[in-house]
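# Understanding the architecture of this molecule
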Amino acid sequence: MRAGGGAAWGALALALLRRCLLLGPLGLRPAGGQDGDGCGHTLLTPHSGTLSSKNYPGTYPNHTACRWRLRAPPGTSLLLAFGDVDLEPSEHCARSSLLLADPQAGTAYGPYCRNAGPAAPLLVTNSSAVTVLFNSTSHRSGRGLLLSYATSQHPDLVSCLVRGTHYTQEHVSVYCPAGCKDIDGDIWGNPSQGYRDTSVLCKAAVHAGVIADELGGQVTLSREKGITLYESAFANGLHSKRGSLSEKRLIFHKACGDALEVAAFNASSWWHEVDALGQDRAWVAERAALSTTGHSWAAEPGSEATWLELDLGVRRNVTGIITKGSSEQYNYYVTSYRVSSSRDGKNWRPYRGSGGQEDKVFEGNSDSHGEVSNAFIPPIIARYVRITPQSWHQHVALKVALVGCQMVRVRAPRPYVPSVPKEVPVPTSHPASRTPIPGIALDPEKAGSTLLVMLLIGGFVLLCSSLLLLAFLCRRKRKPAAELNCGITKGYPKLESSQVCSLQSLPPPSSTLASFPTVAAPGDISLTHSPEYAEPDLVQVSPSSQTGPSTFKPLLDEGYTLPLVVSHYDVPGKYHEYAEPLPPEPEYATPFSEPEPTGTRRSPCSITGHPGSLPLRYDAPRPGELPTGELPPWGLGGACTTPQAERTASPAGDVPSPEGSRFQLGDCPLSHVYHEAL
């Protein structure tokens, strides 16, 4: 069976090849040609093309045949992309088949049908000429075939039926063949919004004006997040549909697609309309701008060879045009037009598109309010663009806008010559070479990155220096604070909540009660000297032992300085403070009680209970409470009464009274003595 099947297949292939060769030459162009009654949509170009069977995607007819001969430029080979092969199945594809053959090399691929399809969607051949033969007999079903081709320079060739959902990556770059515009397939969206990802990719590229259908080309797009609603539009001879929400949308990348500013409008004529109410309406050329509200430009009714001219001011690279009718109020619009361009406004050149055989007629509007886009592939490079209407509805009325960019002039890049001292010669023999600077190796291509690195390094060094300086200042500030803490010993740590330097431990400014003994001491204490502080003992403190606080003032040679304070109560506990010697003022010694001699009469001022009690002390009032010349009240239970007469001395040796007192202690051995508060 296998041997017989192989023989039968070989015989069928030879018969098909013989039939293909017997058809003879057809006087084909270098791109190839077609012959037969079973051929459908066909567009063949030197670099790419598309072909299909008759009635595709409907059922192909019975007993038909078609031959396509494909040719690639010399030095290249052909790639074939199988879009669809749906031929009625039969044994060895005897009823309907597709055969690919190279008559010169004698190689064949196929035959193919529904039950024996191609192994891969892309077939790579080693020949620059391939003959495609389609043959059908009696059958009941089958859509037929759809095939695309390109040269070996485009290995990313895809079929016209590939959709955006076939890809998962965000950025896609493929090569679309020529002839995909008229292939059955739906597209949703428009160039401004993007297209639904279920749209046929190459057909959407033609609608967006990225490629021309008669040429094909490379398409670059991105898959972005979908939108809720896709609006329909008519562009480049294709109608898109209104689509709903999709997961992804297709955004085609098109360079040079900005709106161009028009410097001036000019027209063959304009319409001065007077309506039924007698109101004038001027349809002048300046109202042809697409952004104008209200009515548009309109030519004078009945005029011949009407045209509208746009002056861009300077030469521009024009890649497309957008047209619109009069407005929603008036149903006037242009259905088709031609475009011509000029660089000086005198010599005009008609636009013929990529074919270059005839003037291209663009499809215009189908209503008065919708916008229609058409692409110029290749673009127009000119300053003046003229639009010549070919057909219109009721009146020639038009609004227009041009799309493109500034004309890019290719110039040789200027060499990078950095500023150098005058004594350093600048090389002139090699202007493109780099000029060395001592100590610095400059590269024009890397100058920006090198400068950025140097700035980053300088900023880092400056930041580190600032941090080190801040740390040094903080430590230096903390060191005097540690030396002037509550501890008295030099370098002793600060005592928290210490009684030595707490405000509560300091003596109050004035006591409420001052206690004095009741016995006076003999002698004149005004001649006594004020006590002095003893010199501190020199005690060696070991590092391991902890020294207690001292009340002796350190010597000046030890580095001690007086704290800057006004009084002892300004900043208690913050600085070291030491008591100063008392001022040289007279002080009174504490009186003692001496035993009375035997036989001495007790004074009537004696106090009951005195022999067995502690020495009696009296409380003196606060300073300033008794004015000079008044006697204090006595209320301690004693029997002493103060005589009113002044006495200067007492025979018993009483202590002299303070200066200015009006009594003496002659009658009482125990007297009250008042002193000024220290």
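Conventions we followed
- Residues numbered from 1 in each chain as written.
- Predicted model: local features only at pLDDT ≥ 70, side-chain atom pairs only at ≥ 80, totals over all residues.
- Heavy atoms only, no water.
- Helix = DSSP H or I, 4+ residues; strand = E, 2+ residues; numbered from the N terminus.
- Disulfide = S-S within 2.5 Å.
- Buried < 20%, exposed > 50% of the residue type's maximum accessible area, 1.4 Å probe, protein only.
- Pairing = 2+ DSSP bridges.
- pLDDT = per-residue confidence, 0-100.
- Contact = heavy atoms within 4.5 Å.
- Core = buried A, V, L, I, M, F, W, Y, C linked by side-chain atoms within 4.5 Å.
- Patch = residues over 30% accessible without salt bridge, like charges linked within 9 Å, V, L, I, M, F, W, Y side chains within 5 Å.
- Areas by Shrake-Rupley, 256 points an atom, 1.4 Å probe, with all protein chains shown as cover.
- Salt bridge = Lys/Arg side-chain N within 4 Å of Asp/Glu carboxyl O.
- Axes fitted to C-alpha atoms, helices over the stretch in contact; angles between N-to-C directions.

Moving on to unusual backbone geometry. Following Tyr 56, the chain continues into Pro 57 via a peptide bond in cis, with omega recorded as 5 degrees. Mapped onto the elements of the fold, Pro 57 is located in the loop between strand 3 (48-53) and strand 4 (65-71). The omega torsion of the bond from Ile 377 to Pro 378 falls at 0 degrees, within 30 degrees of zero and hence cis. For Pro 378, the position within the fold is in strand 27 (residues 371-393). Positive phi, normally seen in glycine, also occurs at Cys 256, with a value near 60 degrees. Looking at where Cys 256 falls in the secondary structure, it is placed in the loop between strand 17 (248-252) and strand 18 (258-259).

Turning our eyes to something else, we now look at the state of the cysteines. Simply put, the disulfide is a covalent bond whose two ends are the sulfur atoms of two cysteines. Tallied over the full model, the rule gives 5 disulfides. Sulfur-sulfur distance for the disulfide between Cys 39 and Cys 66 comes to 1.4 Å. Disulfide Cys 39 to Cys 66: torsion about the S-S bond roughly 90 degrees, handedness right-handed. Of the two residues, Cys 39 sits in strand 2 (residues 39-44) while Cys 66 sits in strand 4, which places them 27 residues apart along the sequence.

So, about the pairing of strand 4. Where burial is concerned, most of strand 4 is hidden: 5 out of the 7 residues are buried. Where strand 4 and strand 9 (residues 129-136) come together, 7 bridges link them in antiparallel fashion. When the bridges of strand 9 are listed, Arg 67 appears paired with Leu 133.

Take the confidence of the model for the protein next. Within the protein, residue pLDDT values average 74, and 60% of them lie at 70 or more. With pLDDT under 50 throughout, residues 412-442 is counted as low confidence; its partners more than four residues away or in other chains account for 21 contacts.

Let us look at the nonpolar core. Looking at soluble globular proteins, one finds that nonpolar side chains tend to be buried together. Judged by nonpolar contacts, the single largest core of 27 residues is most densely connected at Trp 297, Leu 308, Val 318, Val 339, Phe 376 and Leu 402. The residues touching Leu 402, leaving out its near neighbours within four places in the chain, are Asp 258, Ala 259, Leu 260, Leu 310, Leu 312, Val 318, Gly 320, Ile 321 and Val 385. Listed in part, the 26 residues of the second largest apolar core include Tyr 195, Val 206, Ala 208 and Leu 250.

Looking now at a nonpolar patch on the surface. A contiguous nonpolar patch, built from Val 453, Ile 457, Phe 460 and Val 461 and spanning about 390 Å² of accessible area, is present on the exposed surface. Of note, Val 453 is situated in helix 3 (residues 447-483). The class of Val 453 is partly exposed, set by a relative accessible area of 44%.

The subject of this paragraph is the pattern of salt bridges. Opposite charge on two side chains makes pairing possible when the charged atoms of those side chains draw close. Throughout the structure, instances matching the rule amount to 11 salt bridges. Of the charged contacts, one joins Arg 95 and Glu 88 as a salt bridge, the two residues approaching to 3.3 Å between their closest N and O atoms. Accessibility expressed as a relative area gives 7% for Glu 88, which makes it buried.

Working definition: the strands of a sheet are paired by backbone hydrogen bonds and lie parallel or antiparallel to each other. Taken together, the 5 strands give an open sheet; going across it, the order is 2-3-10-5-8, and neighbouring strands pair in antiparallel fashion. Of all the strands in the sheet, the pair left with one neighbour each is strand 2 and strand 8 (122-124). Averaged over all neighbouring strand pairs, the angle between strand axes comes to 15 degrees, with direction disregarded. Strand direction decides the pairing type here: strand 2 and strand 3, joined by 4 bridges, are antiparallel.

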